[in-house]
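Geometric and topological summary
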Amino acid sequence: DAGVIQSPRHEVTEMGQEVTLRCKPISGHNSLFWYRQTMMRGLELLIYFNNNVPIDDSGMPEDRFSAKMPNASFSTLKIQPSEPRDSAVYFCASSLSGDRSNQPQHFGDGTRLSIL
Amino acid sequence: GNSVTQMEGPVTLSEEAFLTINCTYTATGYPSLFWYVQYPGEGLQLLLKATKADDKGSNKGFEATYRKETTSFHLEKGSVQVSDSAVYFCALKNDYKLSFGAGTTVTVRA
């Protein structure tokens, strides 16, 4: 079975450029999550979608970050303009009935982002 | 609020040694508890879970028991292999929110 698929796996770009990260959740999952992982702050939830609708975006750092989920099988996380402090590994995760505590989240392999 | 505290690493062991990673939590309501494992360059993989008090989760020789009285969910494996070298995360889930511990790096030497 295909897991959560993220692209690209690695992205290196210069400060000020627009960055778009992509995610395909597991088929049938109706909840999608974007996380950021850094050494200093660990894993942080950026945004949570349920049935393609953003439910909690309180973790989005600032207006430079935006996320969309146009359909059940695709989501994007965009950073514009990018800054060096955005360098991190970004993970997408999906789950069934994400608001139920007993449902685990399944993670993709992440996008390692480096902003020069 | 919800929080997870796990033992700091790194932990270095010899093959076939016994592994314990301590995890304690603070939570409101009735959370589920999880252990995730992250191998180098990969995402987090669900290792095991427990959804209510006294449940024992197990997978690949790893076990953890949901202890409500001590608010703990310690991970154990009786005989580790080199392939178990990874970062292990304890996590608590209430509603949709996963709260992670800081992660424990485990290195197993041949």
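Up top you'll find the structure we're talking about.
Summarised in this report is the structure supplied together with it. The structure displayed is predicted, hence computed values, not measured ones.

Criteria and thresholds
Residues numbered from 1 in each chain as written. Chains lettered and ligands numbered in written order. Predicted model: local features only at pLDDT ≥ 70, side-chain atom pairs only at ≥ 80, totals over all residues. Heavy atoms only, no water. Helix = DSSP H or I, 4+ residues; strand = E, 2+ residues; numbered from the N terminus. Buried < 20%, exposed > 50% of the residue type's maximum accessible area, 1.4 Å probe, protein only. Contact = heavy atoms within 4.5 Å. Lys, Arg positive; Asp, Glu negative; His and termini not counted. Charge placed at Lys NZ, Arg CZ, Asp CG, Glu CD. Pairing = 2+ DSSP bridges. Disulfide = S-S within 2.5 Å. Buried area = accessible area lost by both parts, 1.4 Å probe. Salt bridge = Lys/Arg side-chain N within 4 Å of Asp/Glu carboxyl O. Polar contact = N/O pair within 3.5 Å; in protein donor to acceptor, adjacent residues only side chain to side chain. Nonpolar A, V, L, I, M, F, W, Y, C, P; charged D, E, K, R; others polar.

The next point concerns the overall build of chain B. Within chain B, the regular secondary structure consists of zero helices and twelve strands. Across its three principal axes, chain B shows a C-alpha extent of roughly 45 × 25 × 20 Å. The buried share of chain B, reckoned over its 110 residues, is 45%. Here the contacts in chain B between residues at least 6 apart in sequence split such that 55% fall between residues at least 24 apart. With 10 positive and 11 negative side-chain charges, chain B shows a spacing of 6 Å between the two charge centroids.

Now for the pairing of strand 1 (residues 3-6) of chain B. All names here are of chain B. The side-chain alternation of strand 1 yields one buried face, formed by Val4 and Gln6, and one unburied face, formed by Ser3 and Thr5. One ladder, built from four bridges, connects strand 1 with strand 4 (residues 23-26); its direction is antiparallel. Residue Ser3 lies in a different strand from strand 4, and its bridge partner there is Thr26.

What follows deals with the state of the cysteines. Residue and element names in this part refer to chain B. In the structure shown here, the tally under the stated rule is two disulfides over all chains. Each sulfur of the disulfide joining Cys23 and Cys90 lies 1.9 Å from the other. Since a negative S-S torsion denotes a left-handed disulfide, the Cys23-Cys90 link at about -70° is left-handed. Taken together, the positions of Cys23 in strand 4 and Cys90 in strand 10 (residues 86-94) put the pair 67 residues apart, joining distant regions of the chain. The buried category is assigned to Cys23, whose relative accessible area is 1%.

Much of the literature gives interface size as the accessible area that the parts lose upon coming together. With 20 residues of chain A at the interface, the matching set in chain B holds 20 residues. Buried surface at the junction of chain A and chain B, summed over both partners, amounts to about 1600 Å²; 54% is from carbon and sulfur atoms. If you sort the residues of chain A by the area they bury against chain B, Leu43, Ser101 and Phe107 of chain A come out on top, with a joint share of 30%. Linking chain A with chain B are one salt bridge, by the criterion used here. Where Asp56 of chain A meets Lys97 of chain B, a salt bridge forms, and the shortest distance between an N and an O atom there is 3.6 Å. At the boundary of chain A with chain B, the tally comes to eight residue pairs in polar contact (both at pLDDT 80 or more). A breakdown of the residues in the side of chain A that touches chain B according to their chemical character gives eight nonpolar, seven polar and five charged.

Keep in mind these values describe shape, not function.
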